[in-house]
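# Architecture and fold: a report
Listed below, chain by chain, are the residues.
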Protein chains: 2
Amino acid sequence: MNNERTPRMGLAACTQAGDPELAKLVREQGAVEVWEHLRSGKGSTSLARRAQLLDVSAIEDQTKDCGARFIIPGDAEWPQSLQDLSWSEPVGGMGGEPLGLWVIGPTMLSELSAGVAVVGSRASTSYGEYVASQWAGGLAEQGCAVISGGAYGIDASAHRGALSAEGVSVAVMAGGLQHYYPPGNSALIERIAHKGAVISEHPPVVPPSRARFLVRNRLIAALATTTLIVEGALRSGAQNTVSWALSMQRLVMAVPGPVTSAMSVTPHRLIHQGQATLVSSVDEVLAGMKPINADIADFTRTQPTLFDSLTDHQKHVFEALPARLGKSIDELVQVTGDNVMNLQVCLTGLLAMGLVKQTDTGRWLAIPQARNPDSSLLGVSHPQPPF
Amino acid sequence: MNNERTPRMGLAACTQAGDPELAKLVREQGAVEVWEHLRSGKGSTSLARRAQLLDVSAIEDQTKDCGARFIIPGDAEWPQSLQDLSWSEPVGGMGGEPLGLWVIGPTMLSELSAGVAVVGSRASTSYGEYVASQWAGGLAEQGCAVISGGAYGIDASAHRGALSAEGVSVAVMAGGLQHYYPPGNSALIERIAHKGAVISEHPPVVPPSRARFLVRNRLIAALATTTLIVEGALRSGAQNTVSWALSMQRLVMAVPGPVTSAMSVTPHRLIHQGQATLVSSVDEVLAGMKPINADIADFTRTQPTLFDSLTDHQKHVFEALPARLGKSIDELVQVTGDNVMNLQVCLTGLLAMGLVKQTDTGRWLAIPQARNPDSSLLGVSHPQPPF
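So, here is what we can say about the structure in this document. Each chain has its residues counted from 1, following the order in which its sequence is written. In the order they appear in the text, chains get letters beginning with A and ligands get numbers beginning with 1. Totals for whole chains, interfaces and linings use every residue, but because this is a predicted model, local features are given only for residues with pLDDT of at least 70 and side-chain atom pairs only at 80 or more, for both listing and counting. Derived side-chain values reflect all non-hydrogen atoms in the structure, with water molecules and hydrogen atoms excluded from consideration.

### Overview of unusual backbone geometry
The peptide bond linking A:Tyr181 to A:Pro182 adopts the cis configuration, its omega dihedral lying at -5°. Secondary structure elements follow DSSP: runs of H or I no shorter than four residues count as helices, runs of E no shorter than two count as strands, and numbering proceeds from the N terminus. Structurally, A:Pro182 can be placed in the loop between β5 (169-172) and α8 (186-195). A positive phi angle, close to 60°, is found at A:Gln249, a residue other than glycine. Examined against the element boundaries, A:Gln249 turns out to sit in the loop between α10 (237-247) and β8 (251-254). Accessibility expressed as a relative area gives 13% for A:Gln249, which makes it buried. One non-glycine residue, B:Glu166, lies in the positive phi region at around 60°. Following the sequence through the fold, B:Glu166 ends up in the loop between α7 (154-164) and β5 (169-172). Only protein chains enter the accessibility calculation, which uses a 1.4 Å probe. A residue is then buried if its area is under 20% of the maximum for its type, exposed if over 50%, and partly exposed in between.

### A few points about α7(B)
Residues and elements named next belong to chain B. Among the eleven residues that make up α7, nine are buried, leaving the element largely enclosed by the rest of the structure. Those residues of α7 that fall on the buried side of the exposure criterion are Ile 154, Asp 155, Ala 156, Ser 157, Ala 158, His 159, Gly 161, Ala 162 and Leu 163. Pairs of residues are marked as contacts when any of their non-hydrogen atoms sit within 4.5 Å. Lining the buried residues of α7 we find β3 (115-120), α6 (126-141), β4 (145-148), β5, α8 (186-195) and β7 (226-231). Positive phi appears at Glu 166, one or two residues downstream of α7, with a value of about 60°.

### Things to note about the interface of chain A and chain B
Listed per partner, the contact involves 26 residues of chain A and 26 residues of chain B. Roughly 2100 Å² of surface becomes buried between chain A and chain B when both sides are summed, with 69% attributable to carbon and sulfur atoms. Note on terms: buried area is the combined drop in 1.4 Å-probe accessible area of two parts once they are placed together, counting the loss on both. For chain A, the biggest contributors to the area lost against chain B are A:Val259, A:His272 and A:Leu278; these three give 27% of the whole. Any carboxyl oxygen of Asp or Glu within 4 Å of a side-chain nitrogen of Lys or Arg constitutes a salt bridge here. Summed over the shared surface of chain A and chain B, the number is zero salt bridges. Contacts described as polar in this section are N or O atom pairs within 3.5 Å, which, within protein, must combine one atom able to donate a hydrogen with one able to accept it, while residues neighboring in sequence count only if both atoms come from side chains. For the interface between chain A and chain B, the tally reads four residue pairs in polar contact (both at pLDDT 80 or more). Those elements that place two or more of their residues in the side of chain A that touches chain B are α6 (126-141), α11 (265-272), β9 (277-278), α17 (340-352) and β10 (356-358) of chain A. Residue polarity is assigned by list, with Asp, Glu, Lys and Arg as charged and Ala, Val, Leu, Ile, Met, Phe, Trp, Tyr, Cys and Pro as nonpolar; anything else, Gly included, falls into the polar class. Class assignment of the residues belonging to the side of chain A that touches chain B gives a composition of 14 nonpolar, nine polar and three charged.

### Considering the relation of the copies chain A and chain B
C-alpha atoms of residues with pLDDT of at least 70 in both copies form the basis for the least-squares superposition of the copies. Superposing chain A onto chain B takes a rotation of 180° combined with a translation of 0.1 Å along the rotation axis, leaving an RMSD of 0.1 Å. The relationship between the two copies is best expressed as a two-fold rotation axis. When C-alpha distances to the rotation axis are compared across chain A, the minimum falls at A:Gly257, with a value of 2.3 Å.

### Quick look at the sheet that holds strand β3 (residues 115-120) of chain A
Residue and element names in this part refer to chain A. Across the sheet, which stays open at both edges, the nine strands sit in the order β1-β2-β6-β5-β4-β3-β7-β8-β9 with mixed pairing between neighbours. Taken across any chain shown, the strands that pair with only one partner, and hence form the sheet edges, are β1 (69-71) and β9. At least two DSSP bridges between two strands are required for those strands to pair. Relative to strand β6 (residues 197-200), strand β2 (residues 101-104) runs antiparallel, the two sharing three bridges. In the sheet register, Trp 102 faces β6, and the bridge partner there is Ser 200.

### Re helix α5 (residues 56-65) of chain A
An α-helix turns once per 3.6 residues; consequently, residues spaced three or four apart project the same way. Residues and elements named next belong to chain A. Looking at α5, one finds that the buried residues are Val 56, Ile 59 and Thr 63. Looking down the long axis of α5, one finds its buried residues gathered within 55° of arc, a one-sided arrangement. Turned more than 90 degrees from where α5 packs its buried face, Lys 64 and Asp 65 sit exposed. Against α1 (5-14), α3 (31-39), β1 and β2 lie the buried residues of α5. Just downstream of α5 lies Gly 67, where phi reads positive at about 75°. The arc refers to the directions leading from the helix axis to the C-beta atoms.

### A word on the sheet that holds strand β2 (residues 101-104) of chain B
Residues and elements named next belong to chain B. Taken in spatial order, the nine strands line up as β1-β2-β6-β5-β4-β3-β7-β8-β9 in an open sheet, and their pairing is mixed. Each end of this open sheet is capped by a strand with a single partner; those strands are β1 (69-71) and β9 (277-278). Summarising the sheet, β1 and β2 pair through three bridges and their orientation is antiparallel. Residue pairing in the sheet places Phe 70 in a bridge with Trp 102 of β2. The sheet strands contacting helix α9 (residues 210-223) are β2, β3, β4, β5, β6 (197-200) and β7, and the helix crosses β5 at an angle near 155°. All axes are obtained by fitting lines to C-alpha atoms, using only the stretch in contact for helices, and the reported angles, taken between N-to-C directions, cover 0 to 180 degrees.

### Here we look at the pairing of β4(B)
All names here are of chain B. The alternating pattern of β4 places Ala 145 and Ile 147 and Val 146 and Ser 148 on opposite faces, both of which are buried. Across three bridges, the pairing between β3 and β4 is parallel. Bridged to Val 116 within β4 is Val 146. Call a crossover right-handed when, viewed with both strands pointing away from you, the route from the first strand across the helix to the second goes clockwise. Crossover handedness for the path β3 to α6 to β4: right-handed.

### Quick notes on the nonpolar core
If you look at soluble globular proteins, the nonpolar side chains tend to sit buried side by side. Within the largest apolar cluster, 76 residues are counted, with the highest numbers of intra-cluster contacts made by A:Leu101, A:Ile199, B:Leu101 and B:Ile199. Discounting residues that sit within four places of it in the chain, A:Ile199 has contacts with A:Leu101, A:Trp102, A:Val103, A:Leu109, A:Val170, A:Ala171, A:Val172, A:Met173, A:Leu177 and A:Leu223. Counting residues in hydrophobic clusters, the runner-up holds 34 residues, among them A:Leu347, A:Leu350, A:Leu351 and B:Ala320. Among buried residues, those of type Ala, Val, Leu, Ile, Met, Phe, Trp, Tyr and Cys that are joined through side-chain atoms within 4.5 Å constitute a nonpolar core.

This is how it looks when you write it as structure tokens:
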């Protein structure tokens with residue numbers, strides 16, 4: 001029995017979800033210590049008062065009543081992918097790994113190895129709904145879990161497509177699991193709960209709110225290896241999910257549509273700006289999910305001596321590089337403690353070996369090797385959370 | 001009076017257009033010498049026999065009869081952009097600057113400074129035709145010449161859009177100008193001839209052929225600074241025009257469409273593979289046509305001392321780099337006569353200054369500076385034809 005379960009449930013009930021400072025405090029000091037401190041009566045903050053008044057057993061009862069389980073980091077079911085929230089940049093001041101998750105449904109979250117977040121507008125077009133439903137079905141048939149938010153429009157089409165292919169779907173709620181939101185989709189979300197999983201980081205009775213929708217989106221992006229945006233108007237909530245995905249160096253793909261459709265404005269902008277890859281079929285989604293540089297991984301298999309020849313300095317610099325978004329020379333100076341000139345010489349060598357590349361804006365990236373098990377000749381893995 | 005006019009007209013009448021070897025011979029030895037040699041009776045090839053039998057004055061009469069003028073390199077009207085065909089890679093074994101052009105219409109080809117090639121399927125959808133027509137009109141209103149092939153479908157829609165905006169349109173024919181092809185578009189092509197220009201590299205009586213369509217596409221791509229593909233099925237002639245544009249390091253842009261449309265397969269593939277930029281409005285086309293790295297050009301304006309600090313060696317390597325497609329290290333070794341190590345050190349320096357970049361496949365590119373007149377601080381210009 002994990003002794004953090006009650007503290008984490010209590011903290012989740014007393015605090016606003018998606019507070020990166022609290023997540024950091026819990027990670028560094030442990031949930032037990034943070035909770036005990038609040039409950040000890042020493043603190044006089046409103047948070048401490050809430051903690052002291054809280055009846056955790058009532059939340060445990062609500063959890064049972066709605067048929068949910070409460071899982072926390074360290075549990076076998078805890079999805080490792082959520083750890084990326086510990087190091088990713090906050091989005092709109094929010095972020096951090098959730099304290100725990102309430103889950104209803106037979107799907108084990110730890111097994112979502114190839115999850116695709118399918119997101120888009122509530123005010124979708126029939127074109128977008130068709131693509132969301134068909135592709136979600138195709139992805140589910142190929143063993144991908146389809147993760148979305150249970151909303152009207154693209155979300156609902158994606159869930160339905162996955163369910164109709166007898167696949168796994170996961171709905172991440174912005175409120176607690178006592179009442180599914182939106183009410184008009186409650187029958188659909190019930191079906192997801194029977195076949196896949198419906199999850200929330202909030203205690204069962206918490207209603208959804210605007211802020212909870214935004215932090216909910218980080219869980220959708222974090223649980224999936226790839227975020228696929230099907231439709232989105234100029235100002236679209238789907239953009240928020242994309243920002244979370246990019247902050248965690250996840251793949252983002254976008255479905256094009258007619259340039260005459262207001263609902264394709266956000267996918268087109270993401271593709272135009274290089275933030276998302278255009279995909280025009282399920283096969284392209286699946287192909288894009290493979291290790292990004294499979295050809296280079298092949299190369300490493302056949303030419304191990306090249307990698308054996310890396311100096312310790314080169315390995316050190318390579319380990320400091322992320323696989324997406326990249327680091328500037330200044331950031332690398334900070335992380336490695338090296339000077340600019342040494343770094344540039346080292347990066348040129350790595351560049352010539354095809355191990356790193358540079359973005360148009362001059363940021364340096366590692367070319368990922370780690371996801372291909374045979375390419376572990378390097379002895380280092382990417383992407384690496386910095387802890 | 002340019003003394004190459006008769007030789008070039010004669011050579012154009014005796015040979016197949018788009019022969020890169022002949023173009024090279026004429027460039028190196030001069031049209032007069034090549035033509036005199038063929039006519040001298042010394043050669044016994046079928047080409048020499050054709051040249052000896054040819055009555056050039058008959059072609060001059062045909063040219064007058066159809067109201068055309070025959071322009072050649074060195075004429076004030078000759079478009080400089082065609083010079084890029086002298087150094088670009090052949091496509092399907094074809095290429096080279098045309099020997100001359102027959103032109104009907106008031107537009108001076110030398111003034112097509114901001115031409116956009118709008119290309120796509122003949123079997124276009126109403127969506128594609130709508131976009132082609134609307135955007136061509138929008139581009140024409142902004143002073144861009146709309147260049148296309150006069151074919152059914154996207155070509156015709158683009159020409160019509162430009163004409164209806166009272167703009168300049170140029171139709172490049174795959175056969176001579178005595179009969180416009182296709183016959184069903186002859187009224188449209190007549191209108192283009194009255195308001196813009198209809199052009200061909202073939203004598204007036206030559207009929208179109210499959211090979212002539214392919215070499216015609218190189219002229220469309222060469223005359224335009226940007227090629228915009230609106231629609232194209234899996235196997236599309238528009239792909240050929242795109243290949244020519246890429247061979248000349250021209251910008252290629254593509255219009256997305258529904259993934260359910262077979263006519264958007266080629267635009268989507270080009271975007272997915274990074275060969276074309278997705279554009280979703282006329283404004284994005286216009287913005288993309290601006291100097292590619294305007295921000296860096298701005299930077300060079302404000303920081304001239306950085307560029308003054310380039311060594312002669314760095315300038316030499318920078319001049320050897322193309323602005324698109326790039327050169328491999330091996331190719332740079334050949335071009336510069338430098339060794340790999342020196343080149344890498346030099347390229348790192350240029351990279352750090354934001355003057356060069358590297359493609360995913362490891363090829364090196366110059367970041368263009370030359371098209372912005374204020375950025376001539378470098379004293380070198382890109383893209384440079386290698387002669």
